[in-house]
Amino acid sequence: MQAVVAHVYDVTNSPSAKTNNTVTRINCIFKDCIGLGGIFHSAIQVYGAHEWSFGYRERGSGVFHCSPGQNQCYTYRQSIVLGETHCSQYEVNKILRELIRAWTGDSYDPLAKNCNHFSDAFCEKLGVRKLPGWVNRFANTGNSAMGITQSTASRLRQAKAEIGSAIKVASRFISGRASNSPRKPKSQSNRNQGSPHDMTSRLKHMISFCSTSQIPDETADPPKSS
């Protein structure tokens, strides 16, 4: 049996001291005062004198190691014992080799596949509990929100396409009725109603107005907060 320890850091690797101070304040408020979470980096230590984590790299594996609690890119916060593994050191080394191959550096994503996701995957293979929810809650919440936004945009695009098809069918139907109907002298009421062509044009305009500008642009930058 060997203890499995998570080392948690505040993410303060920005070149801007102001940004790092902001992250620290966010973590203090949302984690320490409210208990929700924050912006954190994590690494797992089991056997030996190394902690293992994951990050972005253009080529090769994104898995790396350093001395426990000594990652110089971040500000150390605390250590959490997650349990004891039944894996031998040989088995742990085998697990690490598998993770090193599977977790490539270019697959890193700050919301969907970050260091905390790696820690959870490592812990699962070691047979111990995962990180506390607060460690990665901001990323998980952000990833869920992105999924909802993309799904909503997709549904709106589909609705717009269906509306466009409906316009074409309605236009052909109205035009067909107009061409097959015998011409009659226009009464005052008919003049007020307008021709089938005018009705079709107004229909197109109304539906086009309702169906455009309502779809969020997934590629647009988010609005800047004041």
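The structure presented is a predicted model; accordingly, all values stated were derived computationally and were not measured.

A. The overall build of the protein, seen in detail. Scanning the protein for helices and strands turns up six helices and five strands. Secondary structure elements of the protein, listed N to C terminal, follow the sequence β-α-β-β-β-β-α-α-α-α-α. Scored against the burial criterion, the 226 residues of the protein give a buried share of 31%. Within the protein, contacts between residues at least 6 apart in sequence are counted, and of these 72% link residues at least 24 apart. For the protein, the exposed area adds up to about 14600 Å²; of that, 55% sits on carbon and sulfur atoms.

B. Fine view of the layout of surface pockets. A volume near 380 Å³ is recorded for the second largest pocket. As for the second largest pocket, its lining consists of 22 residues, of which Val-11, Ile-39, Phe-40, Tyr-108 and Pro-110 are closest to the centre. Sorting the residues of the lining of the second largest pocket by element identifies β2 (40–45), α3 (115–126) and α4 (133–180) as the ones contributing at least two each. Grouping the constituent residues of the lining of the second largest pocket by class yields 15 nonpolar, seven polar and no charged.

C. The pattern of salt bridges, seen in detail. The final tally for this structure, using the stated rule, is one salt bridge. Between Asp-10 and Arg-77 there is a salt bridge; the shortest N-O distance is 2.9 Å. Here the residue Asp-10 occupies a position in strand β1 (residues 2–10), and Arg-77 occupies one in strand β5 (residues 75–85), the gap between them amounting to 67 residues. Given the relative accessible area of 6%, Asp-10 is considered buried.

D. Fine view of the nonpolar core. One finds Ile-44, Leu-82, Val-92, Phe-118, Phe-122 and Leu-126 to be the most contacted residues of the largest nonpolar core, which totals 27 residues. Of all the elements in the fold, those that place two or more residues in this core are β1, β2, β3 (51–54), β5, α2 (89–102), α3 and α4. Broken down by element, the residue count for this core peaks at five residues, all from α3.

E. Up close: the side chain of Ser-42. Mapped onto the elements, Ser-42 comes out in strand β2. A polar atom in the side chain of Ser-42 sits 2.8 Å from the side chain of Ser-119. Excluding anything up to four places from it in sequence, Ser-42 contacts His-7, Ser-53, Cys-115, Asn-116, Ser-119, Leu-131 and Val-135.

F. Representation of the environment of Ala-112. Its location among the elements puts Ala-112 in the loop between α2 and α3. For Ala-112, a relative accessible area of 42% translates into the label partly exposed. Linking Ala-112 and Ala-139, residues 27 residues apart in sequence, is a C-alpha distance of 7.3 Å.

G. How the structure looks around the sheet that holds β5. An order of β4-β3-β2-β1-β5 is seen for the five strands of this open sheet, with the pairing classed as antiparallel. Lying at the two open borders of the sheet, with one neighbouring strand each, are β4 (63–66) and β5. Direction aside, the axes of adjacent strands within the sheet are offset by 30 degrees on average. Across two bridges, β2 lies against β3 in antiparallel orientation. Opposite Ile-44, over in β3, you have Trp-52 as the bridge partner. The strands that helix α1 (residues 17–33) touches are β1, β2 and β5; relative to β5, the one it contacts most, it runs at about 45 degrees.

Quick notes on the rules
Residues numbered from 1 in each chain as written. Predicted model: local features only at pLDDT ≥ 70, side-chain atom pairs only at ≥ 80, totals over all residues. Heavy atoms only, no water. Helix = DSSP H or I, 4+ residues; strand = E, 2+ residues; numbered from the N terminus. Buried < 20%, exposed > 50% of the residue type's maximum accessible area, 1.4 Å probe, protein only. Contact = heavy atoms within 4.5 Å. Areas by Shrake-Rupley, 256 points an atom, 1.4 Å probe, with all protein chains shown as cover. 1 Å grid on protein atoms, 1.4 Å probe; cavity = no way out; pocket = protein on both sides within 12 Å on 5 of 7 lines; lining within 4 Å. Points joined across faces, edges and corners; volume = space filled by probe spheres on them. Nonpolar A, V, L, I, M, F, W, Y, C, P; charged D, E, K, R; others polar. Salt bridge = Lys/Arg side-chain N within 4 Å of Asp/Glu carboxyl O. Core = buried A, V, L, I, M, F, W, Y, C linked by side-chain atoms within 4.5 Å. Polar contact = N/O pair within 3.5 Å; in protein donor to acceptor, adjacent residues only side chain to side chain. Pairing = 2+ DSSP bridges. Axes fitted to C-alpha atoms, helices over the stretch in contact; angles between N-to-C directions.

Everything listed here is a matter of coordinates, which is why it stays silent on function.
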